[in-house]
Amino acid sequence: MFTTNTIYTYMPEKKSGNDLIKNYDRNIPHIIKYMGGKRKILDYIIDAINENYTGGQICDLFAGTSILSGALGKIAPIHSNDIQEYSSILANTYLSNIDWEEYPSNILNEIIDKASEYVNTVKSKYPDLNFSNSDCSMEEFIEIEKKQQELINFNFESLSHHLFIKYYSGTYWSFEQCLWIDAFRKVADEYFETPIYNIILSSLMFAMSYNSQSTGHFAQYRDATSISSKDDILLYRQKEIVPYFRNKFIQLRDFVGVNDFSHSVTSQDYSDCLDTIPPNSTVYADPPYAFVHYSRFYHALETLVKYDYPKVAYKGRYRVDRHQSPFCKRTEVQDAFKTLFSKIKNKNATLILSYSNTGMISFERLIALATEILSTNFEISTKEVLYRHSTMGRKNDKDREVKEVLLIAKYIQ
């Protein structure tokens, strides 16, 4: 059974006080810059979930920034999944169950003091690693950047935490910024068995995103090729990690609290995740749309979480083991959707699928596949919305109007 709605520009309806899912928390702290983030159309997505939700678990299959966990985590049980592990940190932050009275009132200052102590220890151990570039010529600036980048060949083995100063100094961040990243990562490990661990790393990811000299992601860092580009990079080099960390920690502390829902967070392939969900779940799926892999744009966040000193390659210093999604490959995308629809059918789950007209497969083919596989016991419909999609800093195309479709396959007993 298939129905479709005509395209429209979405205007949220007035929320009903009697409707649980519609009464979600809109004051969700922003954590990282993200391509294709759904914050702008969250009302539209949650309205669709609300219309088809019959209780039980809501599975966010490709969680990304985990914004859905932030929105619904206080009113419904969530299973947040994404194969990228940094997403699990964001989800665990939003879904945290924390009684702040169990922690010292000055815990934020304690965390910052511990990080500062490690920074001072490293500086005293390596006093020659000083890369001041606030007042220098173009040639001097380029040379200072190059010297920082060469630290990837430096032996820091005497330090417990040195991944970022070794791998990323002079790239997306300065040596000084990388040192603070390593320091906060070290402190986070001290809280590994507590929910504070996730809040530290989320606050750090925010600081990293807004101190980076790249265009909002980590596909490639910028080089100084002119005075203006040098001055722009220098603006970011002069930023400090600590104030961004502090402000976001406070914001997250105010947002999260005691949460008695039975949430779960996984870092699985979408297919494996669908094998584990309970029957009759409600699944929201937002797979990648384009040929570019998210692992290329957010590899530095993945490395922050894993902190495993990986083998890296190319100018962007990408992890060589980064995930390659079948939804980003024209030769594999159709089979990936077949797998998705088949496993939804096997679980008698309800599916709300986000996709874009800039995707790797056409709407028409997507609907045909869903209709073919979910031919019985499912009611299939679509909703569409126009919105401005960020391209994360492209010079001539910083955002573009896209058509977002929700393909809804509602299980009918």
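Please refer to the structure higher up on the page.
Residues numbered from 1 in each chain as written. Predicted model: local features only at pLDDT ≥ 70, side-chain atom pairs only at ≥ 80, totals over all residues. Heavy atoms only, no water.

Engineer: What is the right way to look at the overall build of the chain in this model?
Structural biologist: When helices and strands are counted, the chain shows 15 helices and 10 strands. The globule rule puts the C-alpha radius of gyration for 413 residues at 22 Å, and the 23 Å found for the chain is close to it. A separation threshold of at least 6 residues defines the contact pool for the chain, and within that pool the share at least 24 residues apart is 76%. Each charge sign in the chain was given a centre, from 46 positive and 51 negative side chains, and these centres are 4 Å apart. (Helix = DSSP H or I, 4+ residues; strand = E, 2+ residues; numbered from the N terminus. Rg over C-alpha atoms; globule rule 2.2 N^0.38 Å. Contact = heavy atoms within 4.5 Å. Lys, Arg positive; Asp, Glu negative; His and termini not counted. Charge placed at Lys NZ, Arg CZ, Asp CG, Glu CD.)

Engineer: Is there a simple way to think about the nonpolar core in this case?
Structural biologist: One recurring pattern in soluble globular proteins is that nonpolar side chains are buried together. Counting 102 residues, the largest nonpolar core has Leu72, Ile111, Phe164, Trp173, Phe184 and Phe245 as its most contacted members. Among the elements that take part in this core, helix H8 (residues 196–211) stands out by supplying 10 residues, more than any other. Ignoring sequence-local partners within four residues, the contact set of Phe245 consists of Leu108, Ile111, Ile112, Phe184, Ile200, Ser203, Leu204 and Ala207. Ala285, Val333, Phe378 and Leu407 belong to the second largest nonpolar core, which has 35 residues in total. (Core = buried A, V, L, I, M, F, W, Y, C linked by side-chain atoms within 4.5 Å. Buried < 20%, exposed > 50% of the residue type's maximum accessible area, 1.4 Å probe, protein only.)

Engineer: Just to check I follow, could you spell out the environment of Lys410 for this structure?
Structural biologist: Looking at the secondary structure, you find Lys410 in strand E10 (residues 399–411). Taking relative accessible area as the criterion, Lys410 reaches 24% and is therefore assigned partly exposed. Residues Lys410 and Phe297 lie 113 residues apart in sequence; the distance between their C-alpha atoms is 33 Å. If sequence neighbours within four positions are ignored, Lys410 has contacts with Glu51, Asn52, Thr350, Asn377, Phe378 and Glu379.

Engineer: Would you explain the packing of aromatic side chains in this entry?
Structural biologist: What describes a pair of aromatic rings is the distance from one ring centre to the other and the angle between the planes of the rings. According to the stated counting rule, one finds 34 aromatic pairs in the structure shown. Here Trp173 and Phe218 contribute two aromatic rings whose centre-to-centre distance is 5.3 Å and whose plane-to-plane angle is 40°, an arrangement assigned as tilted. On the criterion of sequence distance, the pair formed by Trp173 in the loop between helix H6 (163–167) and helix H7 (175–190) and Phe218 in the loop between H8 and helix H9 (227–237) is long-range, its members being 45 residues apart. The pair formed by Trp173 and Phe218 is uniform in burial state, with each residue classed as buried. Taken together through their ring pairs, the aromatic side chains of Phe164, Tyr167, Tyr168, Tyr172, Trp173, Phe218, Tyr221, Tyr307 and Tyr309 make up a single cluster. A cation sits over an aromatic face here: Arg26 above Tyr24, 4.2 Å from the ring centre. (Phe/Tyr/Trp six-rings, centres within 6.5 Å; stacked < 30°, edge-to-face > 60°. Lys NZ or Arg CZ within 6 Å of the ring centre and 35° of its normal.)

Engineer: Honestly, H9 in this entry has me stumped. Any pointers?
Structural biologist: Think of an α-helix as turning once every 3.6 residues; residues three or four places apart then point the same way. Here H9 has its buried residues at Ser229, Lys230, Ile233, Leu234 and Arg237. Taken end-on, H9 shows its buried residues confined to a sector of 140°, consistent with a single buried face. Turned more than 90 degrees away from the buried face of H9 sit Ser228 and Leu235, all of them exposed. Those residues of H9 that are buried lie in contact with helix H5 (138–149) and H7. (Arc of directions from axis to C-beta.)

Engineer: Would you explain the pairing of strand E8 (residues 350–356) in this entry?
Structural biologist: Along any regular strand, the residues point their side chains to alternate faces of the sheet. Most of E8 is tucked away, with 7 of its 7 residues classed as buried. The side-chain alternation of E8 yields two buried faces, one formed by Thr350, Ile352, Ser354 and Ser356 and the other by Leu351, Leu353 and Tyr355.

Engineer: What should I look at first to understand unusual backbone geometry in this one?
Structural biologist: Peptide bonds are, in most cases, trans, and in most cases residues other than glycine have a negative phi. One non-glycine residue, Asn348, adopts positive backbone phi at about 50°. Mapping Asn348 onto the fold places it in the loop between helix H14 (333–346) and E8. At Asn377, a residue that is not glycine, the phi angle is positive and equals roughly 65°. By the element assignment, Asn377 lies in the loop between helix H15 (363–373) and strand E9 (378–390).

Engineer: Could you clarify how one ought to interpret the environment of Thr276 in this entry?
Structural biologist: As for its placement among the helices and strands, Thr276 is situated in helix H11 (residues 270–276). Along the backbone, Thr276 and Lys347 are 71 residues apart, and their C-alpha atoms lie at a distance of 9.5 Å. Looking at Thr276, its side chain comes within polar contact range of the main-chain oxygen of Cys273, at 2.7 Å. (Polar contact = N/O pair within 3.5 Å; in protein donor to acceptor, adjacent residues only side chain to side chain.)

Engineer: What should I look at first to understand the environment of Asp335 in this one?
Structural biologist: For Asp335, the position within the fold is in helix H14. Here Asp335 falls in the partly exposed class, since its relative accessible area comes to 47%. Separated by 101 residues in sequence, Asp335 and Leu234 have C-alpha atoms that sit 46 Å apart.

Engineer: Whenever I open this one, the side chain of Thr93 confuses me. Can you help?
Structural biologist: Mapped onto the elements, Thr93 comes out in helix H3 (residues 85–94). For Thr93, a relative accessible area of 0% corresponds to the buried category. Within the local environment of Thr93, its side chain forms a polar contact with the side chain of Ser202, the two groups lying 2.7 Å apart.

Engineer: Any chance you could explain H15 here in plain terms?
Structural biologist: All of the buried residues along H15 are Phe363, Leu366, Leu369, Ala370 and Ile373. Taken end-on, H15 shows its buried residues confined to a sector of 130°, consistent with a single buried face. Exposed side of H15, more than 90 degrees from the buried face: Glu364 and Glu372 are the residues found there.

Engineer: Would you mind showing me how to read the pattern of salt bridges here?
Structural biologist: A side chain with one charge can pair with a side chain of the opposite charge if their charged atoms come near. Considering all chains together, one arrives at 20 salt bridges under this definition. Across the salt bridge formed by Asp189 and Arg185, the nearest N and O atoms sit 2.6 Å from each other. A residue pair is termed a helical-turn pair when its members lie 3 or 4 positions apart in one helix, as Asp189 and Arg185 do in helix H7 at 4 residues. On the basis of relative accessibility, which here comes to 34%, the residue Asp189 falls in the partly exposed class. The shortest N-O distance in the salt bridge between Arg319 and Asp321 comes to 3.0 Å. Using a relative accessible area of 3% as the deciding quantity, one classes Arg319 as buried. Three or more residues are tied together by salt bridges with common partners; here these are Lys38, Asp286 and Glu404. (Salt bridge = Lys/Arg side-chain N within 4 Å of Asp/Glu carboxyl O.)

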